[in-house]
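Secondary and tertiary structure notes
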There are 2 protein chains.
Amino acid sequence: MSQELSYLEANRARFLQDLLALVRIPSVSTVPARAADVRRAAEMAKAYMEQAGLEHVQVIATSGHPVVVADWLHAAGAPTLLLYGHLDVQPADPESEWTSAPFAPEQRDGRLYGRGTADTKANVLSGIWACEAYLQTSGRLPVNVRILLECEEEVGSPSLAAFVRDHRSRLAADAVVNLDAGQQADDQPSLTTSYRGLIGFHLEVRTAAVDAHSGGLGGLIANPAMALAHILAGLQDPSGRVLVEGFYDQVRPLTKAQAAQLEAMTPLAKRLADGVGAKGLWGDPEFSPIARNWLRPTLEVNGVGGGFQGAGSKTVIPATAFAKITCRLVADQDPEAVLDLVKRHIERSAPAHVQVSFSETSGQATPYRLPDGHPVAEAAGRVLERLYGRPPILVGGGGSVPATAILQAELGIDSIAFGFAQPDERIHAADEFFRLSDLERGRMAVAMLLAEVGAKRTEGAQSAN
Amino acid sequence: MSQELSYLEANRARFLQDLLALVRIPSVSTVPARAADVRRAAEMAKAYMEQAGLEHVQVIATSGHPVVVADWLHAAGAPTLLLYGHLDVQPADPESEWTSAPFAPEQRDGRLYGRGTADTKANVLSGIWACEAYLQTSGRLPVNVRILLECEEEVGSPSLAAFVRDHRSRLAADAVVNLDAGQQADDQPSLTTSYRGLIGFHLEVRTAAVDAHSGGLGGLIANPAMALAHILAGLQDPSGRVLVEGFYDQVRPLTKAQAAQLEAMTPLAKRLADGVGAKGLWGDPEFSPIARNWLRPTLEVNGVGGGFQGAGSKTVIPATAFAKITCRLVADQDPEAVLDLVKRHIERSAPAHVQVSFSETSGQATPYRLPDGHPVAEAAGRVLERLYGRPPILVGGGGSVPATAILQAELGIDSIAFGFAQPDERIHAADEFFRLSDLERGRMAVAMLLAEVGAKRTEGAQSAN
């Protein structure tokens, strides 16, 4: 595949420009006003895929943001891989915390800074570029390829399950290559074999119809920000253990071997915590940090607000306060059931004279685990070993990729995580970046994976003969 | 004083226009960007006082916002009253909750809506108009008058004590007439004989240098919004009792008679709570509602924030969260001592891996109580009885007027509350209004009070001869 690698090398300047153009689009899926930008990102990806030589490229509307699909299915007898990725990004606020503007990508010290660089526009384009390298040189891919790019991953993929159900024949494949993924470190490849699930909601606490003067009414009526504090404090004890009744009931227990193996990885947890400047590791003391991040559920307050927000002081008793809450879930927790447990707990704990109400803010994700010994995972492992000079370690994913569980449930196929973001790249936070060296590594890796899966399956087919 | 009352009647249209012009100025003292507007309000008040015929009218700079002073001191042998008021207003946000724009005053149903109408621009101008009615008719006031209008009342009057110390001779008087005051109801006059003190600060809780991905870091590091919830919940129990060690130690106990009298006023508390649409009365069950509002300290969260604030969801562990906290204090609490108690309590209760920091948001107010039987209070009572047809009830003030304690400490004189705001007029909240009928009542009342104090003192002086 030397001509493909030469092609990738020869086009590196254009590839970078294409990525910059895509990062400049603020495709923030959670903000309704950004819907047109999300659509622009989908159309741009479509243009890139057409330029690559992929076929049947199409932007398809859903009840939410659109989906982009494409395929190339002329590798008779070879397996079919479904490349999955997403084009939407997290919000960039507070923008004041960014060194350079989030949607004006900037190269500094071998890194490309901008919202969506690491999560996951660079990874998505690496997949397209790998296909392009084959299709624009030999004119053929070593495997059949389908591509599925959604635009709602950052809001929990609410339209994806219905879309997959409605387009089963366009998505049929032997395995998913999930490009929304990463490696453990610059010199340490990894294969992520599980993702946590996700639920989330917006909680409003109301104690009055209008704000009140804290002198005139203070001592007479309840304060919703204080009531919210009592509600939140009732969800998790100060050590980090979630207090919601039944929250942990469905969680698969760790084996002793797992617990020991994960405890040994505490230095990794320390590096992750150092990466965001945290003062130390924190969480339920019954479990080691990496066990908590990979195999235990969490409850997080993603945002809290209410009352006076400006500089200085305003002596007001607000009428309302809110919290945005999400939980990461693990096997075998059922998202709907846990969501219900948390809401019921809040309703029971709400003080008198306080009205709580819930609204949904995002879709849900079911936890996902890759079965042991998947052939595409083994192929990915060999590619990573060749690229990094050492075999990948198997890791858990603290985050959620709803598509993994959805594609498993709807199409019966597993997802192999194969992306090149790194844990220190500040995804979802200010100053998100992606290493420029991983741009090259990523597209080369996907090209090698396509060849490896094509070769392996052919061998397998032959030996079975 | 019939010619003065005729003058007030003849000029009512202009008075209203003058008030509208003053309300149009967003003199929000807590917002640094509004400093020029605050200054404009001071200059406008100066122009009104010059037009009234007051002398030595001057806008004087302080280390914060300016102060406006004036006087008329030609009533030889008569007492001197210091009319006190303020020209600054509370912030108007959230502006979306206003029916008409806060700084575009609008008349509806006999009410003038706008930020600062009731608190306290109408009251201040009533005082100036009363002087004008005398000076532009007979050319004389029945008493000596000084005027002191500050522009920092809504931020706790941080510059006032130093100003008063530096200008003692310009402010020397027998008593203060505090125009920043109100009446209990449209048909129920009242004399406010106490004000609560005030302390406040901004609390920041930080757990990391930057925001983190709730998947990548969830389970590894502390969440500052949750830590803040634990800290806030540790400040007050769910029934409303403040848990800060020593918080109540200096509070003057209620007598049994006081407790019974205040308990009988619970219907008033219900009306106040209904006025803001609260679901019910709430607070420390050991005390009746009005006792809690007048004679017990409070701790309120005026604002809370941190993390994602937009629509939808962002799966982030924020780096910081904040709360804006104020306490209303009562005799004999010392503001500095209580502020220290609250901060130390927070520091002690802050979880590990959480960094708390404090910044000041406002000045402080010392609680104030008017002594029984003050001659100017008695004169004010006679004026109110004539205007309302019934004698005033003595009430406590849940709010704070820092000037009352400052003027007592620096000049040794007491303040008689004499203003015409009503408890339902939504001061500090959206849709603040002032009754147009109280515009007339207010200026007439101040004119009558000046006459009453002048006449009374003259009698007193004669009988002493």
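Residues numbered from 1 in each chain as written. Chains lettered and ligands numbered in written order. Predicted model: local features only at pLDDT ≥ 70, side-chain atom pairs only at ≥ 80, totals over all residues.

What chain A contains, in helices and strands, is 14 helices and 18 strands. Relative to the 2.2 N^0.38 estimate, which gives 23 Å for 465 residues, the radius of gyration of chain A is 23 Å and therefore close to what a compact globule would have. Considered along the principal axes of its C-alpha atoms, chain A spans approximately 80 × 50 × 45 Å. When burial is assessed residue by residue, chain A has 58% of its 465 residues classed as buried. When contacts within chain A are restricted to residue pairs at least 6 apart in sequence, those whose partners lie at least 24 apart make up 79%. (Helix = DSSP H or I, 4+ residues; strand = E, 2+ residues; numbered from the N terminus. Rg over C-alpha atoms; globule rule 2.2 N^0.38 Å. Buried ≥ 20, exposed ≤ 12 C-beta atoms within 10 Å, placed from the backbone. Contact = placed C-beta atoms within 7 Å.)

What follows concerns the domain arrangement of chain A. Residue and element names in this part refer to chain A. Partitioning chain A into domains gives domain 1 (2-195 + 366-464) and domain 2 (198-249 + 281-360). Domain 1 and domain 2 are separated by 34 Å when their C-alpha centres are compared. Across the contact, nine residues belong to domain 1 and ten residues belong to domain 2. Classifying every residue of the side of domain 1 that touches domain 2 gives two nonpolar, six polar and one charged. (Domains from an automatic or database assignment. Nonpolar A, V, L, I, M, F, W, Y, C, P; charged D, E, K, R; others polar.)

Before going further, it helps to examine the pairing of strand 9 (residues 197-206) of chain A. Residues and elements named next belong to chain A. Here strand 9 lies mainly inside the structure; seven of its ten residues are buried. Here six bridges tie strand 9 to strand 14 (residues 355-360), and the two strands are oriented antiparallel to one another. Looking at the pairing, R206 lines up with Q355 of strand 14. (Pairing = 2+ DSSP bridges.)

This next bit is on the packing of helix 1 (residues 2-10) of chain B against helix 4 (residues 117-135) of chain B. Residue and element names in this part refer to chain B. Where helix 1 meets helix 4, the closest approach of the two axes is 8 Å, and the angle between their N-to-C directions is 120 degrees. One finds that helix 1 runs oblique with respect to helix 4. The element helix 1 and its partner helix 4 pack so that their crossing is right-handed. Across from E4, Y7 and L8 in helix 1, the residues of helix 4 making contact are W129, A133 and Y134. (Axes fitted to C-alpha atoms, helices over the stretch in contact; angles between N-to-C directions. Parallel < 35°, antiparallel > 145°, perpendicular 65-115°, else oblique. Left-handed = near helix turned anticlockwise from the far one by under 90°.)

This part takes up the interface of chain B and chain A. Facing the 87 residues of chain B at the interface are 87 residues of chain A. Among the elements that take part in the side of chain B that touches chain A, strand 11 (residues 298-307) of chain B stands out by supplying nine residues, more than any other. Split by residue class, the side of chain B that touches chain A holds 38 nonpolar, 37 polar and twelve charged.

This part takes up the pairing of strand 1 (residues 55-60) of chain B. As a general feature of sheets, a regular strand has side chains that alternate between the two faces. All names here are of chain B. Across four bridges, the pairing between strand 1 and strand 2 (residues 67-72) is antiparallel. Its bridge partner lying in strand 2, E55 is registered against D71. Between strand 1 and the antiparallel strand that follows it, strand 2, lie six residues.

What follows concerns the sheet that holds strand 16 (residues 393-397) of chain B. Read across the open sheet, the three strands follow the order 15-8-16 (chain B); overall the sheet is mixed. Single-partner strands in this sheet number two, and they are strand 15 (368-369) and strand 16 of chain B.

Now for the relation of the copies chain B and chain A. With an axial shift of 0.1 Å and an RMSD of 0.1 Å, the rotation relating chain B to chain A amounts to 179 degrees. Taken together, the rotation and translation relating the two chain copies correspond to the operation of a two-fold axis. Taken together, the interface assignments show that 100% of the residues at the interface of chain B recur at the interface of chain A, consistent with an identical surface on both copies. (Least-squares fit on C-alpha atoms with pLDDT ≥ 70 in both.)

Below, the discussion takes up unusual backbone geometry. All names here are of chain A. Look at the link from D93 to P94: it is a cis peptide, with omega at 0 degrees. Looking at where P94 falls in the secondary structure, it is placed in the loop between strand 3 (80-86) and strand 4 (106-108). Backbone torsion omega between D119 and T120 reads 0 degrees, so that peptide bond is classified as cis. Here T120 is to be found in helix 4 (residues 117-135). In this structure, R426 takes a positive phi of about 55 degrees despite not being glycine. Summarising the element assignment, R426 is placed in the loop between strand 17 (415-417) and strand 18 (433-435). Phi at H428 takes a positive value of approximately 75 degrees, unusual for a residue other than glycine. Looking at where H428 falls in the secondary structure, it is placed in the loop between strand 17 and strand 18. For H428, a count of 27 C-beta atoms within 10 Å translates into the label buried.

We now examine helix 11 (residues 335-349) of chain B. Residue and element names in this part refer to chain B. Spanning 15 residues, helix 11 covers 21 Å between terminal C-alpha atoms, matching the ideal 21 Å at 1.5 Å per step. Listing the buried residues of helix 11 in full gives P335, V338, L341, V342 and I346. One side of helix 11 holds all its buried residues, which, seen down the axis, span an arc of 130 degrees. Seen from the open side of helix 11, the exposed residues pointing more than 90 degrees away from its buried face are E336, E347 and R348. (Expected span 1.5 Å × (residues − 1). Arc of directions from axis to C-beta.)

Turning our attention to the environment of R348(B). Residues and elements named next belong to chain B. Along the polypeptide, R348 turns up in helix 11. Judged by the 9 C-beta atoms lying within 10 Å of it, R348 falls in the exposed class. In this structure the C-alpha to C-alpha distance between R348 and G312, which are 36 residues apart in sequence, comes to 35 Å.

For the rest of this paragraph, the subject is the confidence of the model for chain A. All names here are of chain A. Summary statistics for chain A give a mean pLDDT of 94 and a share of 97% for residues scoring 70 or more. Counting interchain partners and residues more than four positions distant, the pLDDT-below-50 stretch residues 457-465 has four contacts. Across the interfaces of the predicted complex, the ipTM metric reaches 0.83, alongside a pTM of 0.83. (pLDDT = per-residue confidence, 0-100.)

Residues and elements named next belong to chain A. Their axes nearest at 8 Å, the elements helix 3 (residues 35-52) and helix 4 cross at an angle of 20 degrees. When the axes of helix 3 and helix 4 are compared, the pair comes out roughly parallel. Counted together, Y48, M49 and A52 of helix 3 and L125, I128, C131, E132 and L135 of helix 4 form the full contact between these two elements. Split by residue class, the contact of helix 3 with helix 4 holds seven nonpolar, no polar and one charged.

Residue and element names in this part refer to chain B. Pairing in this open sheet of six strands is mixed, and the strands run 1-2-6-3-7-17 from one edge to the other. Both edges of this open sheet fall to strand 1 and strand 17 (415-417), since each of them pairs with a single strand only. Across the sheet, the mean angle separating the axes of adjacent strands is 20 degrees when strand polarity is ignored. Across five bridges, strand 2 lies against strand 6 (residues 144-150) in antiparallel orientation. Bridged to V69 within strand 6 is L148. Relative to the sheet, helix 4 contacts strand 2, strand 3 (80-86) and strand 6, its axis offset from that of strand 3 by approximately 145 degrees.

Before going further, it helps to spend a moment on the nonpolar core. Counting 286 residues, the largest nonpolar core has V177(A), I221(A), L449(A), I221(B) and L449(B) as its most contacted members. Leave out the neighbours within four places in its chain, and L449(B) touches V177(B), A379(B), A380(B), V383(B) and F418(B). (Core = buried A, V, L, I, M, F, W, Y, C linked by C-beta atoms within 7 Å.)

In an α-helix there are 3.6 residues to a turn, and that puts residues three or four apart on one side. All names here are of chain A. The terminal C-alpha atoms of helix 3, which comprises 18 residues, lie 26 Å apart, in line with the 26 Å expected from a rise of 1.5 Å per residue. Turning to helix 3, its buried residues number three or more, namely D37, V38, A41, A42, A45, Y48, M49 and A52. Down the axis of helix 3, the sector holding all buried residues measures 145 degrees, keeping them to one side. Exposed side chains of helix 3 directed beyond 90 degrees from the buried face belong to A36 and E50. Contact partners of the buried residues in helix 3: helix 2 (12-23), strand 1 (55-60), strand 2 (67-72), helix 4 and strand 6 (144-150). Taken from the residues just after helix 3, G53 is the one with a positive phi, measuring 105 degrees.

Before going further, it helps to spend a moment on the environment of R168(A). Position of R168(A) among the secondary structure elements: in helix 6 (residues 168-171). Taking the C-alpha atoms as reference points, R168(A) and E410(A), 242 residues apart in sequence, are found 8.0 Å from one another.

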